[in-house]
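# Report on the structure
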Amino acid sequence: MLKLLQLLPKTCSPFTTRALYAGAVDGGLLRHAFRTDDANKDDLPLLDDSISAATALWKKEELLSRLKNLLNCTHEQSEKLYKANRKALRVFAARLLTDNIELLRANGIDDKFIYENPRVLSTPTDDLAKKLKLLRELPAVEDCKMLTPFLKASLKAIDRMVAVAKQETIPGGNRINYLSERTGTEVPVVIKFFATNIRVYRIALDKFIANLDICLAHLEPAHVVRHLSVLAYATSSIRERLQALKNSPLETIKPWMVRVPDIALGKSFEAVIEKGRQPVFKDSVTGTWFETYVLKRMESLLGCTEETSRAIYDKCKGSVHLVDNIEFLLEKGVVAEVIIQHAPMLTAKREDLHQKVATLETLQCLRNLNDVVPLCVLKAYQLKKIVNNLNNEQLGPVNTNRIYYFADSTGFKPGEVTEQFARRTFMFRIPKDSFLANLKLFLEHMNREDILADLWAFKYSPGIVAERIARAKEVRGKKLMPWMVRCPDVVLEKSLQLTKESGALLGENETIVEYFCKRLGFDREVANSIFIKAPSVRNVRITKVKKVIDYLLDELDYTPNDIALNPRILMHSLQTTKKRMAQLKEIGCRPKSLIIVCKSQRQYDLFVKEWIDAKERKTKVQQYG
């Protein structure tokens, strides 16, 4: 397809020449050719340089600046908004995000909703405006801002819901208020679960009321609100199943038990009778869990997407304790975001997780359970020993332990520190004096992100740490890393020697980008686009880059544009590059593009074979022609 487009005459293409060839550098041909006309009406331009256009969408930094100014948000929040809507920016103009933010704020919707639901900004502005207009038309709603969870639903679903609500006559004015009154649940909570089960409005009103009456007669009202989808089942089926459950050996009855297959429920009864335990709903034939309930339940409890609940389920390998553990943690005040981020702790048995949380609650200086809950991934005996050690250690002022001291000193959130400490439990065993002395040394000479990412350096004595830092600082200045403390002495010496060579080549203040501009004759924007296209080039030693550039420009007479189009050549071994170039020269081939030199050995050998075969065929044609 690409070859066909390249052979087409310019006059035959329905696209402009600039749009057609803007993405041709790295295969992004069609992406730029098929952009909609609306996408180019934004005052934030696309990068349209022949090299850089294929490596970016809209100018990211300018877009992040707009979001930050509009919402007065942090850099992390603006990055989160950008990443969540990046796919939409391939089709729509960058102003889609800002227009939608202004539209939501004009309708009185808080910025908090935007941060928590960033994908809403990917909705076309006209559709988003229609959704807001439809939600305002929902009868018997005191405050339309409470209906914002419905914005995540499709326009068609919202339209149907409002149309049905207008035609119905029900106490409370609509099904949301009616359910709130019947269950004693606050309206915002009902709306939250209605938004994730909006198909409940497809149920006929008589059936909705009848099924709700049956469920409330047998189940807890709060459980019914969390499992609204059960109301979609046939009334006779619900009545029959609940009656069976009422006469079963189960201790508690919940709505999801209405939904599982009969074979699973029957096997569960047998397990309860024989072993005296609660059901696990596992198919004895296939050996797989009935996961539909688990996935939907997690979506409801955590307020997450189907993809997120599936990811948690896969991480935990379908653990039978998933739902119970999530319910328990939420009751303890652990926020959904922390649970999602540290999903592996949900694989623990219910009793074990209860014991771990109880142990954490005995921590004398505990500020918030969310700060230390990542430690639940450890074994119960490990956690108990760590908490005992922390309680017996006097460290700084009151309400402080190693976790909080490290977090307060570095500026990280305690939860982030706990997550890393849980992976490196030796941080709880290092002597207090060494811990404090090393932390002080690292903070004086290194970036806080590097310190938290490489905690192994804390295992060394403060004397060794100070000596290594002094040696490295003489050569590298402020660019010190924790690995310099723990690496073998030979590795450190080699690194410092390479740093001296790079410093001699670049000078004191010159960066690798500036070196590229000077060496290849490009401006800064083009040099940056090269690094966007091949980010790993930044990690290549500058002395190696210089040798490769010298070889390509001086010995092979390639141009800077050839290097810019194929920057991967700078990451390849110079020895391999020379070997391949010599072989190509022997067979009479001088490749127009350097990309073939960067291919795998198999692809390169195939190219050489095809070249030789083509050359032999041409020779035969000339001989017998």
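Residues numbered from 1 in each chain as written. Predicted model: local features only at pLDDT ≥ 70, side-chain atom pairs only at ≥ 80, totals over all residues. Heavy atoms only, no water.

As annotated in an unreviewed UniProt entry, the chain carries the name Mitochondrial transcription termination factor and comes from Anopheles arabiensis. Quoted verbatim from the Sequence similarities (unreviewed entry) heading of the UniProt record, the comment on the chain is "Belongs to the mTERF family." (UniProt positions renumbered as here; feature names shortened; annotations may be inferred.)

Ranked by size, the top nonpolar core spans 67 residues in total, and within it Leu329, Leu375, Phe406, Phe421, Phe435, Phe442 and Phe458 carry the most contacts. In terms of nonpolar packing, the next biggest core, distinct from the first, is built from 64 residues, Leu63, Leu67, Val164 and Trp256 among them. (Core = buried A, V, L, I, M, F, W, Y, C linked by side-chain atoms within 4.5 Å. Buried < 20%, exposed > 50% of the residue type's maximum accessible area, 1.4 Å probe, protein only.)

This part is about the packing of aromatic side chains. The full count for this structure, using the stated rule, is seven aromatic pairs. Above the ring of Tyr404, the side-chain terminus of Arg367 is found at 4.1 Å from the ring centroid. Above the plane of the ring of Phe426 lies Lys459, whose end atom (NZ or CZ) is 5.1 Å from the centre. (Phe/Tyr/Trp six-rings, centres within 6.5 Å; stacked < 30°, edge-to-face > 60°. Lys NZ or Arg CZ within 6 Å of the ring centre and 35° of its normal.)

In the Ramachandran plot, Ala140 falls in the positive-phi region, its phi being about 60° despite a non-glycine side chain. Positionally, Ala140 belongs in the loop between helix 8 (125-136) and helix 9 (155-167). Judged by relative accessible area, which is 42%, Ala140 ranks as partly exposed. For Asp557, which is not glycine, the phi torsion reads 60° and is therefore positive. For Asp557, the location among the structural elements is in the loop between helix 32 (542-555) and helix 33 (560-565). Residue Asp557 is classed as exposed on the basis of its relative accessible area of 56%. (Helix = DSSP H or I, 4+ residues; strand = E, 2+ residues; numbered from the N terminus.)

So, about the pattern of salt bridges. One side chain can pair with another of opposite charge once the charged atoms of both are near each other. Under the defined criterion, the tally for this structure stands at 15 salt bridges. In this structure, Arg105 engages Asp111 in a salt bridge whose closest nitrogen and oxygen atoms are separated by 3.4 Å. The exposure class assigned to Arg105 is partly exposed, which follows from its relative accessible area of 37%. Ionic pairing is found between Glu393 and Arg402, a salt bridge with its closest N-O pair at 2.9 Å. Of the two residues, Glu393 and Arg402, both sit in the buried class. (Salt bridge = Lys/Arg side-chain N within 4 Å of Asp/Glu carboxyl O.)

Attention now moves to the packing of helix 23 (residues 402-410) against helix 24 (residues 414-423). Two elements in contact, helix 23 and helix 24, have axes separated by 9 Å at closest approach and are oriented at 125°. Classed by the angle they form, the pair helix 23 and helix 24 counts as oblique. Regarding helix 23 and helix 24, the two cross each other, and that crossing is right-handed. Facing helix 23, whose interface residues are Arg402, Ile403, Tyr404, Phe406 and Ala407, helix 24 presents Pro414, Val417, Thr418 and Phe421. (Axes fitted to C-alpha atoms, helices over the stretch in contact; angles between N-to-C directions. Parallel < 35°, antiparallel > 145°, perpendicular 65-115°, else oblique. Left-handed = near helix turned anticlockwise from the far one by under 90°. Contact = heavy atoms within 4.5 Å.)

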